[in-house]
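# Architecture and fold: a report
Residue strings, one per chain:
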Amino acid sequence: MDWTIKFKWQYDYARTQFKDPKLFDASWQDTVKALYKLMSTKGFDAGRADILTQFRRQLDEGTTPGMHLHLSADKSILQAVNAWTDKPIAAVAVDQKMRASALKFLMHIYLLHTSGARHVWIHSLPKAFLHWPSVHLNSWASTGAEVKKLLKSKSEQFSESRKKHLAESAQYSLAWCHKANMVLAAAGSKSDKGKAAALTIVKRWFCDPGTTDAQLTKFINKLAKGFKDITGTLNKGSLILTDWVPLRNASTDEEAGFLNSEAFTFGSHGEGLDVVYIERSFFVNHAGNVLRGRKNWTRVLVHELTHLVCGTEDVKNGQTRYAWYGIGPHAGFPGSDAVKNADSWAFFCADCAGVLTDAERKSALKII
């Protein structure tokens, strides 16, 4: 697996295909110009999101706007790149396939949620693709029939209900982080108001019996900065949710491990766009899960956001310290490890939000 071929790689490649609208059919050139503006160098411009609705309508109408012909996507896209023919063809020219791949990529981009300057996008590429569109079409669709089959594929990775769940989870994750900010502000305050209760929550997740007051202060400061940074990222930026499409063709144990995970991301804004990859186990209520349903989906997003924004780790101590294994701090899993551990941050955040039951809290805090 080439881990350098991230979502942003496909984004940047697709964007280059729209740079010269004259390479497209004349009826598509204005749309292509608008799509290019939508894809800024810093990510999708939510202020131009309406072009996606117009774009999908034009796909339905093809090169004869207003006729409502309800064309299949393969015909519309290939017409747009001047490659359509009703006759069977042996192959589509590479440059035309690449422009077609960019259109197919954007066909499955949606603005899930927007509030103020906060935007959540989803990329839901059809399941027929086993790599990003440009790679799959270039490398594995050698005949015209194969190109057409991929371009008209409809069965998306995320159903409408799952898109809705992801949008809600992104909203809840921000609400949880706001509560964490409040708890940490109280814990670090010189005022006694709410301080004791706030410190109890912090100590519960991050302090082993040997943690000193000086260490506790450092932990609070680290957490406070981290959760402020997360809320800042969510409030002012664009979060993109997708799966890592090349993993659909997983062939090694390592790849299968990522494919069957809940989600992953690249730490410390390491991709250049804020992307979280949603994988097979995200919506699965495994028997060992501490949390279930929406509560767990939100926990996963907070967990990944701590990686993405704060550079947290999945600390390996005994086993990787996920809550199902046990993240109660103690001499064998000291506070210095817990404060680096993403699931410790996520469960602390859930506790601050008041969403954990006593049983869930006890299960996560078991000493291993």
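For the structure given in this document, a descriptive report is provided here.

## Considering the overall build of the protein chain
Helix and strand counts for the protein chain stand at 15 helices and nine strands. Over its C-alpha atoms, taken along the principal directions, the protein chain stretches across nearly 75 × 40 × 30 Å. Expressed as a percentage of the 368 residues in the protein chain, the buried residues total 54%. Of the roughly 16200 Å² of accessible surface on the protein chain, a fraction of 52% belongs to carbon and sulfur atoms. The positive charge centre, built from 48 side chains, and the negative charge centre, built from 36, are 3 Å apart in the protein chain.

## Re the side chain of asparagine 289
Tracing the chain through its elements places asparagine 289 in the loop between strand E7 (274–278) and helix H12 (293–310). A polar contact is formed between the side chain of asparagine 289 and the backbone oxygen of valine 284, at a distance of 3.3 Å. Setting aside its immediate chain neighbours within four residues, asparagine 289 contacts Glu262, Val284 and Asn296.

## Description of the environment of threonine 312
Following the sequence through the fold, threonine 312 ends up in the loop between H12 and strand E8 (316–317). Distance from threonine 312 to glycine 210, taken between C-alpha atoms, is 22 Å for residues 102 residues apart in sequence. Look past the residues within four positions of threonine 312 in its chain and what remains in contact with it is His303, Thr306, His307, Lys340, Ala342 and Trp345. For threonine 312, the side chain forms a polar contact with the side chain of threonine 306, separated by 2.8 Å.

## Details of the side chain of arginine 15
Considering the arrangement of structural elements, one finds arginine 15 in helix H1 (residues 7–17). With no salt bridge to any partner, buried arginine 15 finds its closest opposite charge in aspartate 12, at an N-O distance of 6.5 Å. Only 2.2 Å separates the side chain of arginine 15 from the backbone oxygen of methionine 39, close enough to count as a polar contact. Excluding residues that lie within four positions of it along the chain, arginine 15 makes contacts with Tyr36, Met39, Ser40 and Thr41.

## Topic: the pairing of strand E3 (residues 109–115)
Direction of pairing for E3 relative to strand E4 (residues 118–123): antiparallel, over a ladder of six bridges. Of the residues in E4, the one forming a bridge with threonine 114 is histidine 119. Here E3 hands over to E4 after two residues, with glycine 116 in that stretch at a positive phi of 60°.

## Quick notes on the pairing of E4
Buried residues dominate E4, accounting for six of its six residues. Here E4 shows no split at all, with Arg118, Val120 and Ile122 on one side and His119, Trp121 and His123 on the other all buried. As paired strands, E4 and strand E5 (residues 238–242) are joined by four bridges and run parallel to one another. Counterpart to isoleucine 122 in the pairing with E5 is leucine 241.

## As for the environment of alanine 287
As for its placement among the helices and strands, alanine 287 is situated in the loop between E7 and H12. A C-alpha to C-alpha distance of 9.8 Å links alanine 287 and tryptophan 324, two positions 37 residues apart in sequence.

## Some points on the pattern of salt bridges
Taken as a whole and assessed by the stated rule, the structure comprises 14 salt bridges. Of the charged contacts, one joins aspartate 351 and arginine 204 as a salt bridge, the two residues approaching to 2.6 Å between their closest N and O atoms. Placement of aspartate 351 in helix H14 (residues 342–352) and of arginine 204 in helix H9 (residues 195–206) is noted, with a sequence separation of 147 residues between them. On the accessibility criterion, arginine 204 (28% relative accessible area) is partly exposed. Across the salt bridge formed by aspartate 351 and arginine 361, the nearest N and O atoms sit 3.2 Å from each other.

## Observations concerning helix H6 (residues 133–140)
For H6, the complete set of buried residues consists of Pro133, Ser134, Val135, His136 and Leu137. At its buried positions, H6 is contacted by H1, helix H5 (94–107) and helix H7 (144–151).

About the criteria used
Residues numbered from 1 in each chain as written. Predicted model: local features only at pLDDT ≥ 70, side-chain atom pairs only at ≥ 80, totals over all residues. Heavy atoms only, no water. Helix = DSSP H or I, 4+ residues; strand = E, 2+ residues; numbered from the N terminus. Buried < 20%, exposed > 50% of the residue type's maximum accessible area, 1.4 Å probe, protein only. Areas by Shrake-Rupley, 256 points an atom, 1.4 Å probe, with all protein chains shown as cover. Lys, Arg positive; Asp, Glu negative; His and termini not counted. Charge placed at Lys NZ, Arg CZ, Asp CG, Glu CD. Polar contact = N/O pair within 3.5 Å; in protein donor to acceptor, adjacent residues only side chain to side chain. Contact = heavy atoms within 4.5 Å. Salt bridge = Lys/Arg side-chain N within 4 Å of Asp/Glu carboxyl O. Pairing = 2+ DSSP bridges.

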